[in-house]
Amino acid sequence: MAFRSTMVFTVRSLIRSFSVTPLFQMPALPILKFPTLVLKNILRSIDIETVIPFSLCSRKMYHLVKNFRDKTISLELSMDGEDSSVGVVTPDNHYHEVEVVVERKSRNLESVNINGHLVAMHRSKWHNGWVTYWDDEVKGIQSVIEYLSDLFGIKKVASVTVTPYSFKLLDVIKERQGNDYELSIDHRLSEKESHFILENHPAKVLRISGLPPYFKIGKYLQTVDSLFVDSELSITIDDLLNMNCVELFLSENCFTGAEIKRLLQHWAIGVFKQLKYLRLDVEDFDLEDVFGELTHTRMTEKRTYK
Amino acid sequence: MTSPASSSEVKYLIESSEGNTFDVSGAALRQSNTFNAMFLNIGADGPIPFTDYNEATLKKVFEYCEHSVNEENYSGPKHQDDLSKWDLNFFNEMDQKMFIDVINASNFLDIERLTSYCCERIARMLRGKNTQEMIKVITLPTAEELEAKQKVEEKKAAAAKKVAEKAAETAEKTETLEELPVQQLVQTTRNKLTRKYLSFSNE
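In short, a report on the structure.

Definitions and cut-offs
- Residues numbered from 1 in each chain as written.
- Chains lettered and ligands numbered in written order.
- Predicted model: local features only at pLDDT ≥ 70, side-chain atom pairs only at ≥ 80, totals over all residues.
- Heavy atoms only, no water.
- Axes fitted to C-alpha atoms, helices over the stretch in contact; angles between N-to-C directions.
- Helix = DSSP H or I, 4+ residues; strand = E, 2+ residues; numbered from the N terminus.
- Parallel < 35°, antiparallel > 145°, perpendicular 65-115°, else oblique.
- Left-handed = near helix turned anticlockwise from the far one by under 90°.
- Contact = heavy atoms within 4.5 Å.
- Nonpolar A, V, L, I, M, F, W, Y, C, P; charged D, E, K, R; others polar.
- Buried < 20%, exposed > 50% of the residue type's maximum accessible area, 1.4 Å probe, protein only.
- Core = buried A, V, L, I, M, F, W, Y, C linked by side-chain atoms within 4.5 Å.
- Phe/Tyr/Trp six-rings, centres within 6.5 Å; stacked < 30°, edge-to-face > 60°.
- Lys NZ or Arg CZ within 6 Å of the ring centre and 35° of its normal.
- Buried area = accessible area lost by both parts, 1.4 Å probe.
- Salt bridge = Lys/Arg side-chain N within 4 Å of Asp/Glu carboxyl O.
- Polar contact = N/O pair within 3.5 Å; in protein donor to acceptor, adjacent residues only side chain to side chain.
- Pairing = 2+ DSSP bridges.
- Right-handed = clockwise from strand over helix to strand, strands pointing away.
- Arc of directions from axis to C-beta.

Right, let's get into the packing of helix H3 (residues 55-67) of chain B against helix H5 (residues 96-109) of chain B. All names here are of chain B. Where H3 contacts H5, the axes come no closer than 9 Å and their chain directions differ by 65°. In this view, H3 runs roughly perpendicular relative to H5, as classed from their interaxial angle. As for the relative orientation of H3 and H5, their crossing is right-handed in sense. Each of Ala56, Thr57, Leu58, Lys60, Val61 and Phe62 in H3 lies in contact with H5, whose residues at this interface are Met98, Asp101, Val102, Ala105 and Leu109. When grouped by side-chain class, the residues that make up the contact of H3 with H5 number 8 nonpolar, 1 polar and 2 charged.

This is the structure in structure tokens:
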């Protein structure tokens, strides 16, 4: 009997010793006990993708990240409506995203508190970043934007990409920062969608893959600061003379040398109050004839336009 | 034994928390900004006391300094993938306790390169982990533990409040008794007794 109990004790202690110290146990590092300078150094060494879940560990970690992160690195916020994600873009153009997935059934995942909402989160298998699960997509996007914006001290979402199916997400941005962002739409829009976007969401910078063939864009050139369109537009020289854009880039429209000359003469006398950048295709273009009477300088070196 | 001039050739004696001494080259020691600020110009008569850290930790720190004497042009922490075989062995030989001690000693001695390498290594350990795993690594209390701690603190606060109230009450009574003149005190006591008697008789 005594022998049996000893055996049981030995086996139990063996099991315990294996369960307490597994072979690949993660060493514990109580980093909050380190001096502030070390803590600051650690936080500056952690990359963006790791810093997001790190800040979600506790309120204290959130404030540490917020206060100690390397503020010399300028980050941008970007929203992608195609996969419902908000991303932090680093200067080397790496996009670290937090994706918002609408799923009502509960998942056996860890829960984190994002802007007061307890949501499931896991590492994305396909992208650099994280996937979060929400009841409502708009609420999710809104919360993630506010969380990342506060954490990294980025006031506004710099760029937004949407599809015609995710236009509703633009309301979040409109409510937050008006039209102060760059909107990209990689789909050729229908007439209805084109009117909707240009009327309701005339972002400061608008990049559209294509507008319908006979779409009258003239009236919208008064409200949009920068417009980049990759398809031919139904636009006249008079529309251009009445415009109030800062930038206009029409890649598929052709103008004659005479039209360009007229346009440039108006520009030279200050008719276009805001225009800084104009790019049009031309045909029958005689450089000497167009620029002959205008004071101009031919640029031989590449200049970066800001 | 020690000389401020030509410090790269001389050896300095270092004293650990155990009272043991060992020598370190001036060139290695000069990587410590703390040493530079305290002893480089004035020299040291006896062993330099770094008695907050044990011998093993200090030896490990100065082992790193001795190794990196020739790497003069330091330009920020290296990425873990860029660490040499020696660097990797140096870190892998340490257990967790020594690693923590080395970070603290390196921070105290202000050896920028070693501190940065250690911090980069911690950052690397956190990479690829989710929130729960990170909480385990950095030994943060979980939500349940925080809640339990908060409850205990609330209970303690409530008990302390009760004790304080009782103490205040007792003090007030004592003060009242002390402040009242003797005649008034007699009258008050009499009134109380009468009131008791009256209430008794009413019943």
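Next up on the list: the side chain of Lys261(A). Residue and element names in this part refer to chain A. With respect to the helices and strands, the residue lysine 261 is situated in helix H9 (residues 257-268). Lysine 261 sits in the buried class, given a relative accessible area of 16%. Once you skip the residues sitting within four places of it in the chain, lysine 261 turns out to touch Asp289, Val290 and Glu293.

Take the nonpolar core next. Residues Ile31(A), Phe54(A), Met79(A), Leu148(A), Phe152(A), Leu183(A) and Phe62(B) are the most contacted members of the largest nonpolar core, which totals 126 residues. The element best represented in this core is helix H6 (residues 112-126) of chain B, accounting for 8 residues.

Going through the model one piece at a time under the given rule, you end up with 13 aromatic pairs over all chains. When the ring of Phe228(A) is compared with that of Phe249(A), the centres are 6.1 Å apart and the planes differ by 75°; the resulting orientation is edge-to-face. On the criterion of sequence distance, the pair formed by Phe228(A) in strand S10 (residues 226-229) and Phe249(A) in strand S11 (residues 247-256) is long-range, its members being 21 residues apart. Side by side, Phe228(A) and Phe249(A) carry an identical accessibility label, which is buried. Site record: aromatic cluster; members linked through ring pairs are Tyr64(B), Trp86(B), Phe90(B), Phe91(B), Phe99(B) and Tyr117(B). Directly above the ring of Phe228(A) sits Arg207(A), whose terminal nitrogen or CZ lies 4.2 Å from the centroid. In this structure, Lys59(B) packs its charged tip against the face of Phe22(B), placed 5.5 Å from the ring centre.

All right, on to the interface of chain B and chain A then. Counting from both sides, the interface comprises 27 residues of chain B and, opposite them, 29 residues of chain A. Between chain B and chain A, roughly 2,500 Å² of surface is buried when both sides are summed, and carbon and sulfur atoms account for 71% of that area. For the interface between chain B and chain A, the tally reads 1 salt bridge. In this structure, Arg127(B) engages Asp47(A) in a salt bridge whose closest nitrogen and oxygen atoms are separated by 3.1 Å. At the boundary of chain B with chain A, the tally comes to 5 residue pairs in polar contact (both at pLDDT 80 or more). Elements supplying a minimum of two residues to the side of chain B that touches chain A: H5, H6 and helix H7 (131-137) of chain B. The element best represented in the side of chain B that touches chain A is H6(B), accounting for 8 residues. Residue composition of the side of chain B that touches chain A, by class: 13 nonpolar, 10 polar and 4 charged.

Residues and elements named next belong to chain A. Here strand S7 (residues 157-162) runs beside strand S8 (residues 182-188); their pairing, made up of 4 bridges, is parallel. The residue of S8 that forms the bridge with valine 160 is leucine 183. Regarding topology, helix H6 (residues 170-177) serves as the crossover connection from S7 to the parallel S8, and that connection is right-handed. Pairing between S8 and strand S9 (residues 205-210): 5 bridges, direction parallel. Opposite arginine 188, over in S9, you have glycine 210 as the bridge partner. Chirality of the crossover, the property in question, places the unit of S8, helix H7 (residues 191-200) and S9 among those that are right-handed.

Time to look at helix H4 (residues 59-68) of chain A. One full turn of an α-helix is made of 3.6 residues, so residues set three or four places apart face in the same direction. Residue and element names in this part refer to chain A. Of the positions making up H4, those classed as buried are Met61, Tyr62, Leu64, Val65 and Phe68. The arc enclosing the buried residues of H4, seen along the axis, measures out at 165°, which places them on a common side. Summarising the geometry of H4, the exposed residues directed more than 90 degrees from the buried face are Arg59 and Lys60. Close packing links the buried residues of H4 with helix H2 (36-45), helix H3 (48-55) and helix H5 (137-152).

Residues and elements named next belong to chain A. Look at H5 against H6: their axes get within 9 Å of each other, and the N-to-C directions meet at 45°. Taken as axis vectors, H5 and H6 run oblique relative to one another. As H5 runs across H6, the sense of the crossing is right-handed. Packed against H5, whose contacting residues are Val138, Ile141, Gln142, Ile145, Glu146 and Ser149, the element H6 presents Val172, Ile173, Glu175 and Arg176 at the interface. Taken together, the residues of the contact of H5 with H6 sort by class into 5 nonpolar, 2 polar and 3 charged.

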